[in-house]
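# Secondary and tertiary structure notes
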Amino acid sequence: MVLVFKTNVFRQLEIHVRAVLSTFSNISRIDFDFEDCDKILRVETSNDITSEIELLLNSKGFYCKELE
């Protein structure tokens, strides 16, 4: 399953966000599209952890909202 989020993450913060998301054992891949105006975050995972990702990143001061 691929989850897609709108964020405010810039390239300089990518390593920090990857470290934060590394707490999820079921994430198999993390990709960013910094060229997109929505600073897209794509997460490949074995199950739907959308709300957990949003809550965690928002609690760390990032904007993160699922794109539908």
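Scroll up to find the structure this text is about.
Anyway, here's the lowdown on the structure attached to this text. (Residues numbered from 1 in each chain as written. Predicted model: local features only at pLDDT ≥ 70, side-chain atom pairs only at ≥ 80, totals over all residues. Heavy atoms only, no water.)

The number of helices and strands found in the chain is two helices and four strands. Counting from the amino terminus, the chain carries its helices and strands in the arrangement β-α-β-β-α-β. The C-alpha atoms of the chain give 11 Å as radius of gyration, which agrees with the globular expectation for 68 residues (11 Å, within 12%). With respect to the three principal axes, the spread of C-alpha positions in the chain is 25 × 20 × 20 Å. Taking all 68 residues of the chain together, the buried fraction comes to 38%. Counted over contacts in the chain with a minimum sequence separation of 6, partners at least 24 positions apart contribute 61%. Here the chain displays about 4300 Å² of accessible surface, and carbon together with sulfur accounts for 50% of that area. The centroid of the 8 positive side-chain charges in the chain is displaced by 5 Å from the centroid of its 12 negative side-chain charges. (Helix = DSSP H or I, 4+ residues; strand = E, 2+ residues; numbered from the N terminus. Rg over C-alpha atoms; globule rule 2.2 N^0.38 Å. Buried < 20%, exposed > 50% of the residue type's maximum accessible area, 1.4 Å probe, protein only. Contact = heavy atoms within 4.5 Å. Areas by Shrake-Rupley, 256 points an atom, 1.4 Å probe, with all protein chains shown as cover. Lys, Arg positive; Asp, Glu negative; His and termini not counted. Charge placed at Lys NZ, Arg CZ, Asp CG, Glu CD.)

Moving on to unusual backbone geometry. In the Ramachandran plot, K39 falls in the positive-phi region, its phi being about 45° despite a non-glycine side chain. With respect to the element layout, K39 can be found in the loop between β2 (27-33) and β3 (40-45).

Moving on, we get to the sheet that holds β3. Pairing is antiparallel in the open sheet, where four strands are placed in the order β2-β3-β1-β4. The sheet is open, and its two borders are formed by β2 and β4 (64-66), each paired with just one other strand. Strand-to-strand, the axes of this sheet are offset by a mean angle of 30°, without reference to chain direction. Helix-sheet contacts for helix α1 (residues 14-21) involve β2 and β3, and the interaxial angle to β2 is about 155°. On the sheet, helix α2 (residues 50-59) packs against β1 (2-7), β2, β3 and β4 and is oriented at approximately 165° with respect to β4. (Pairing = 2+ DSSP bridges. Axes fitted to C-alpha atoms, helices over the stretch in contact; angles between N-to-C directions.)

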